[in-house]
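Summary of structural features
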Amino acid sequence: NAGVTQTPKFRVLKTGQSMTLLCAQDMNHEYMYWYRQDPGMGLRLIHYSVGEGTTAKGEVPDGYNVSRLKKQNFLLGLESAAPSQTSVYFCASSRYRVEAFFGQGTRLTVV
Amino acid sequence: DAKTTQPNSMESNEEEPVHLPCNHSTISGTDYIHWYRQLPSQGPEYVIHGLTSNVNNRMASLAIAEDRKSSTLILHRATLRDAAVYYCILLRSNYKLTFGKGTLLTVNP
């Protein structure tokens, strides 16, 4: 049982570089979420998806784009990374209104 | 988004029960009440959820007030492993799962 897998686990980017974080789930869940968590803070919702081909903005969407081309994958893109995007990123998936499962996190540093 | 209010921190002793309160006075009839916790350096972990009735599972119990404007997460016998930040969340029909600041639970040996 893989559950929710995030790739990569760690990454260091230079300011202005781009990258894509991958979230993959093997539970056939409809709903998927991307969060960021800064030190000492709670999780903030970046974008979410309620099904294949759909995405919606969360609380802090600026500077990020997402795609859900396949039901099992939810991609988070940073087109031009900034130091303010240094954070730990978590992905989650769930079925309708029941428990959400979280990935192990991606620690991103932008220098 | 629906707002919840939790104490910033609580303290408990090992092997004693813990009652973590949450106020959600703006809850609507179709909002689900979810609880998650986050252990240090880990991702959030689902604890329990409910709609109207009290719920029990292997981790905890959820007591929901009759008017649904508040709820209480009950850990029956706290262990050191239960030290975490506990989040109370209202899950609305728009499926947005948004976290507040949560309650930092400290468990003393």
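Rules of the game
Residues numbered from 1 in each chain as written. Chains lettered and ligands numbered in written order. Predicted model: local features only at pLDDT ≥ 70, side-chain atom pairs only at ≥ 80, totals over all residues. Heavy atoms only, no water. Contact = heavy atoms within 4.5 Å. Buried area = accessible area lost by both parts, 1.4 Å probe. Polar contact = N/O pair within 3.5 Å; in protein donor to acceptor, adjacent residues only side chain to side chain. Helix = DSSP H or I, 4+ residues; strand = E, 2+ residues; numbered from the N terminus. Core = buried A, V, L, I, M, F, W, Y, C linked by side-chain atoms within 4.5 Å. Buried < 20%, exposed > 50% of the residue type's maximum accessible area, 1.4 Å probe, protein only. Pairing = 2+ DSSP bridges. 1 Å grid on protein atoms, 1.4 Å probe; cavity = no way out; pocket = protein on both sides within 12 Å on 5 of 7 lines; lining within 4 Å. Points joined across faces, edges and corners; volume = space filled by probe spheres on them. Nonpolar A, V, L, I, M, F, W, Y, C, P; charged D, E, K, R; others polar. Axes fitted to C-alpha atoms, helices over the stretch in contact; angles between N-to-C directions. Disulfide = S-S within 2.5 Å.

Right, let's talk about the interface of chain B and chain A for a bit. Opposite the 22 residues of chain B that make contact, chain A presents 20 residues. Taking both partners together, chain B and chain A bury about 1700 Å²; carbon and sulfur atoms supply 61% of that area. Counting the surface chain B buries against chain A, the share from its top three residues, Y95, L97 and F99 of chain B, is 33%. The interface formed by chain B and chain A holds 6 residue pairs in polar contact (both at pLDDT 80 or more) in total. Looking at the side of chain B that touches chain A, the elements that each hand over two or more residues are strand 3 (32-38), strand 4 (45-50) and strand 8 (84-91) of chain B. Top element by residues in the side of chain B that touches chain A is strand 3 of chain B. It accounts for 4 residues.

On to the nonpolar core. L20, I33, W35, L73, L75, Y86 and L105 of chain B are the most contacted members of the largest nonpolar core, which has 21 residues in total. Elements supplying a minimum of two residues to this core: strand 2 (18-23), strand 3, strand 4, strand 6 (61-64), strand 7 (70-75), strand 8 and strand 9 (103-108) of chain B. If one sorts the elements of this core by residue count, strand 8 of chain B sits on top with 4 residues. The next biggest cluster of nonpolar side chains, apart from the first, holds 19 residues, and it includes L45 of chain A together with I89, L91 and F99 of chain B.

Moving on, we get to the pairing of strand 2 of chain B. Residue and element names in this part refer to chain B. Of the two faces of strand 2, the one holding V18, L20 and C22 is buried and the one holding H19, P21 and N23 is not buried anywhere. Where strand 2 and strand 7 come together, 6 bridges link them in antiparallel fashion. Opposite H19, over in strand 7, you have I74 as the bridge partner.

The next subject is empty space enclosed by the protein. Summed over all chains, the structure comprises 1 cavity of 30 Å³ or more. Estimated volume of the largest cavity: approximately 40 Å³. When contributions to the lining of the largest cavity are tallied by element, the ones reaching two or more residues are strand 4 (31-37) of chain A together with strand 3 of chain B. Across the lining of the largest cavity, the residue classes tally to 8 nonpolar, 2 polar and 2 charged.

Residue and element names in this part refer to chain A. Strand order in the open sheet formed by 4 strands is 1-3-8-7, with antiparallel pairing between adjacent strands. Of all strands in the sheet, those with a lone pairing partner are strand 1 (4-7) and strand 7 (65-67), marking the two edges. Taken over all neighbouring pairs, the strand axes of this sheet differ in orientation by 20° on average, direction set aside. As judged from the 3 bridges shared by strand 7 and strand 8 (residues 73-78), these two strands associate in the antiparallel manner. The residue bridging N65 from the neighbouring strand is G77, located in strand 8.

Here the largest pocket defines a volume of roughly 780 Å³. Of all the elements in the fold, those that place two or more residues in the lining of the largest pocket are strand 5 (43-49), strand 9 (87-94) and strand 11 (106-110) of chain A together with strand 8 and strand 9 of chain B. Among the residues forming the lining of the largest pocket, the class breakdown is 16 nonpolar, 16 polar and 6 charged.

For the rest of this paragraph, the subject is the state of the cysteines. Residue and element names in this part refer to chain A. Following the criterion strictly, the structure yields 2 disulfides over all chains and no others. Across the disulfide from C23 sits C91; the S-S distance is 1.8 Å. Given an S-S torsion of about -75°, the disulfide between C23 and C91 has left-handed geometry. In this pair, C23 is assigned in strand 3 (residues 19-25) and C91 in strand 9, connecting sequence segments 68 residues apart.

Next up on the list: the side chain of H47 of chain A. All names here are of chain A. Note on placement: H47 falls in strand 5. You can call H47 buried: its relative accessible area is 6%. At a separation of 3.3 Å, a polar atom in the side chain of H47 contacts the main-chain carbonyl oxygen of A56. Other than its neighbours up to four places away in sequence, H47 contacts Y33, W34, A56, K57, G58, P61, Y64, N65, V66 and F74.

For the rest of this paragraph, the subject is the environment of V50 of chain A. Checked against the element boundaries, V50 of chain A lands in the loop between strand 5 and strand 6 (56-57). Discounting chain neighbours no more than four positions away, the residues touching V50 of chain A are E30, Y31 and R68 of chain A together with Y95 of chain B.

With that settled, consider the pairing of strand 7 of chain B. Residue and element names in this part refer to chain B. As defined by bridge partners, strand 6 adjoins strand 7 across 4 bridges and the pair is classed as antiparallel. Residue pairing for strand 7: S61 is matched across the bridge by I74. Hairpin connection from strand 6 to strand 7: 5 residues lie between these consecutive antiparallel strands, with R68 at a positive phi of about 65°.

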